[in-house]
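One-letter residues, chain by chain:
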Amino acid sequence: MTAQKENAPFDILIIGGGINGCGIARDAVGRGYSVCLAEMNDLASGTSSWSTKLIHGGLRYLEYYEFRLVREALGERELLWSIAPHIIHPLRFVLPHQKGLRPRWMLRLGLFLYDHLGGRKLLPATKTLDLRDDVAGKPLKPGFSTAFEYSDCWVNDARLVALNARDAADRGAEINTRTKVVAAERTGDLWRVRLQDTVSGDIREVSARLLVNAAGPWVDRVLHGAMQRSDANHVRLVQGSHIVVRKLFDHDRAYIFQNGDGRIVFAIPYEGEHTLIGTTDRDFTGDPADVSASEEEIAYLISAAGEYFKQPITRDDVVWTYSGVRPLFDDGASKAQEATRDYVLKLERGTGAEPALVNIFGGKITTYRRLALSVMDLVEKAIGAKGKSWTATPPLPGGDFAATGFEDLVTGLAADWPDLDRALLRRLARAYGTKTRVLLAGVKTPQDLGLDFGAGLSECEVAYMMDHEWARTAEDVLWRRSKLGLAVDEAGAAQLGRFIAERLEKVA
Ligand code: FAD
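Below: a short report on this structure. Fair warning: this is a prediction, and the values are worked out from it, not measured in the lab. (Residues numbered from 1 in each chain as written. Predicted model: local features only at pLDDT ≥ 70, side-chain atom pairs only at ≥ 80, totals over all residues. Heavy atoms only, no water.)

1. Side note on the pairing of strand 14 (residues 274–278)
In terms of burial, strand 14 is a largely internal element, five of the five residues being buried. Burial along strand 14 is two-sided: the residues His274, Leu276 and Gly278 and Thr275 and Ile277 are all buried. Relative to strand 14, strand 11 (residues 235–246) runs antiparallel, the two being bridged by five bridges. Along strand 14, the bridge assignment pairs Val244 with Leu276. As paired strands, strand 13 (residues 264–270) and strand 14 are joined by five bridges and run antiparallel to one another. What sits directly across from Phe266, in strand 14, is Gly278. (Buried < 20%, exposed > 50% of the residue type's maximum accessible area, 1.4 Å probe, protein only. Helix = DSSP H or I, 4+ residues; strand = E, 2+ residues; numbered from the N terminus. Pairing = 2+ DSSP bridges.)

Encoded structure:
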């Protein structure tokens, strides 16, 4: 533990509670630095909960010769799966060959590299499918005969952020949500940083030896606003939207479809009853908090998937959409989809004894841990080394079971809570892993779970999210700590909002 003495400067202050900020906080505090993180809204409320939710090498990036990124990302798949096997699991992707688009040899070559670049051990290799007799061919239009099937992983993105924050806090980091960095200035050898509580409006000042700007799509805004800088314009904001429709197929694999415009679109099993389709790529201007899927993007995704699926998809089938902004490094690429997905770190040392600043541009959920390692190299240069690299093996909270042991975990829970519904236990195990036992401590019967807000979301689960995962609103619970917003109705959501408000009042 690195508990902070009152008013003592932190070693590192991190702006932003997305995957990068929380990953850096965890790594840094585990090495012995004192860490404070400020997130202006909820954890993962920025780009990190709006992704396609893949831990993937990025097959498409091979076309842009991003071999460094692809190799690093491929290597992270099994590593992240092993430290968080509850919220990450393998997923097979079916890539149908489409006449007139990328030729078979090119797909084969890409997948050969994909299989061999990243040190794959547990994930199964690529194989060829005959869609005329494989169940994956059933929902597709006639005419698709060959496909390639390869491995990547699925991740619950918003929970990955919350678990990194939880682990960082357990190791002694101060994690502040609903806390905006409104000003940061260099005074002597320290940063003086003004933090505003975005609920009460209260301001407090803290100091730090080093500042990390992990504000994602707001990275330039922080430089312009909180630091009064006029020189920074490194980020290229690229919007990506998804649509969610009722499920289009009944197996557990995903599809990756090629479009005539050279782009690709995923269709992925989602939350049991749905299919997730995405994504788009278009330049974005304005406040990233205001991004939403446009009708044009929705029509594009419907049409792209409609090229492949037999069952027609209409606007009425779309039950939910979401949109996020990629904070890419502006490498001058002409098209949004060609801008590099790799991360770029900029260390700005002050003059003389002035403290340093690390700005983060780009990055993927998949590479957050590697990005944090690279940030630590810069931290060491700026303020001196503390501990060593350590994040490759210790599990994230709830992930302390074998990567292939998920079914055993569910069976163990069912044996200890025989009166609870097995489907509920399975859902809890997917979200909380071994921490399900903490969540259910004191529960024996379904009644002990308390109020049910719908879809099995209980008072007991919400209390856990509030006490251990910083959930403060119904939206935090329904759309980030879980995705039960798709299943809980308006009345349930309103009841949940009241429950949370009353519980917060009691605590205050
Ligand atoms: P964010 O998650 O945006 O976090 C930045 C945080 O900073 C925000 O929460 C914000 O509120 C906070 N903040 C801003 N200003 C301040 C301030 N002044 N004070 C305090 N806090 C502040 N990657 C993958 O690996 N796999 C995928 O499948 C994938 N799919 C994607 C699909 C789409 C459509 C998009 C948009 C991205 C996708 N990505 C994917 C990329 C990935 O989601 C992002 O690279 C990653 O989430 C960026 O994380 P971040 O922490 O840098 O930014």
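2. Examining the side chain of Asn259
Topologically, Asn259 is positioned in the loop between strand 12 (254–258) and strand 13. By relative accessible area, Asn259 is classed as buried at 8%. Polar side-chain contacts of Asn259 include one of 2.8 Å to the side chain of Tyr300. Those residues in contact with Asn259 that lie beyond four places of it in its chain are Leu101, Val265, Tyr300 and Ala304. (Polar contact = N/O pair within 3.5 Å; in protein donor to acceptor, adjacent residues only side chain to side chain. Contact = heavy atoms within 4.5 Å.)

3. Here we look at a nonpolar patch on the surface
The grouping of Trp105, Met106 and Leu109 at the surface amounts to a nonpolar patch, some 320 Å² of accessible area in total. With respect to the secondary-structure elements, Met106 resides in helix 3 (residues 104–117). (Patch = residues over 30% accessible without salt bridge, like charges linked within 9 Å, V, L, I, M, F, W, Y side chains within 5 Å. Areas by Shrake-Rupley, 256 points an atom, 1.4 Å probe, with all protein chains shown as cover. Salt bridge = Lys/Arg side-chain N within 4 Å of Asp/Glu carboxyl O.)

4. What about the packing of helix 8 (residues 406–416) against helix 9 (residues 422–432)?
Taken N-terminus to C-terminus, the directions of helix 8 and helix 9 make an angle of 130°; their axes are 9 Å apart at the nearest point. In terms of orientation, helix 8 lies oblique with respect to helix 9. Between helix 8 and helix 9 lies a crossing of right-handed hand. Contacts between helix 8 and helix 9 involve Phe406, Glu407, Leu409, Val410, Thr411, Leu413 and Ala414 from the first element and Arg422, Leu425, Arg426, Ala429 and Arg430 from the second. By residue class, the composition of the contact of helix 8 with helix 9 is seven nonpolar, one polar and four charged. (Axes fitted to C-alpha atoms, helices over the stretch in contact; angles between N-to-C directions. Parallel < 35°, antiparallel > 145°, perpendicular 65-115°, else oblique. Left-handed = near helix turned anticlockwise from the far one by under 90°. Nonpolar A, V, L, I, M, F, W, Y, C, P; charged D, E, K, R; others polar.)

5. A look at the layout of surface pockets
Looking at the second largest pocket, its volume works out to about 1200 Å³. Together, 40 residues line the second largest pocket, and His89, Tyr270, Glu271, Gly272 and Arg430 are the ones closest to its centre. Those elements that provide at least two residues to the lining of the second largest pocket are strand 4 (88–96), helix 4 (157–170), strand 13, strand 14 and helix 9. Considering only residue class, the lining of the second largest pocket consists of 15 nonpolar, nine polar and 16 charged. Residues from two domains meet in the lining of the second largest pocket; each of domain 2 (90–154 + 237–329) and domain 3 (406–507) gives at least three. (1 Å grid on protein atoms, 1.4 Å probe; cavity = no way out; pocket = protein on both sides within 12 Å on 5 of 7 lines; lining within 4 Å. Points joined across faces, edges and corners; volume = space filled by probe spheres on them. Domains from an automatic or database assignment.)

6. What to know about the site of the ligand
The local shell around the ligand holds 38 residues, among which Glu39, Ser48, Leu54, Gly363 and Thr366 are the closest. Note that an oxygen atom of the ligand is positioned 2.6 Å from one of the side-chain N or O atoms of Glu39. Take Thr366: an N or O atom from its side chain is 2.7 Å from an oxygen atom of the ligand. Protein burial of the ligand: of its 1000 Å² of free accessible surface, 97% is covered by the chains. Of all the elements in the fold, those that place two or more residues in the shell around the ligand are helix 1 (19–31), strand 8 (179–187), strand 11 and strand 16 (318–329). When the residues that make up the shell around the ligand are grouped by side-chain class, the tally is 14 nonpolar, 19 polar and five charged. Two domains each put at least three residues into the shell around the ligand: domain 1 (10–47 + 159–234 + 341–383) and domain 2 (90–154 + 237–329). (Near = heavy atom within 4 Å.)

7. Some thoughts on the packing of aromatic side chains
In total, this model carries 18 aromatic pairs according to the counting rule given. Ring geometry for Trp50 and Tyr322: centres 5.6 Å apart, planes at 35°, overall tilted. Note that Trp50 is positioned in the loop between strand 2 (35–38) and strand 3 (54–55) and Tyr322 in strand 16, a separation of 272 residues in sequence. Comparing Trp50 with Tyr322 shows no difference in burial state: the two are buried. With a centroid separation of 5.3 Å and 80° between ring planes, the pair formed by Tyr432 and Tyr464 is classed as edge-to-face. (Phe/Tyr/Trp six-rings, centres within 6.5 Å; stacked < 30°, edge-to-face > 60°.)

8. Some thoughts on the environment of Cys153
Locating Cys153 in the fold gives a position in strand 6 (residues 146–155). Distance from Cys153 to Leu478, taken between C-alpha atoms, is 23 Å for residues 325 residues apart in sequence. The residues touching Cys153, leaving out its near neighbours within four places in the chain, are Lys53, Leu54, Ile55, Arg77, Ile88, His89, Pro90, Leu91 and Leu123.

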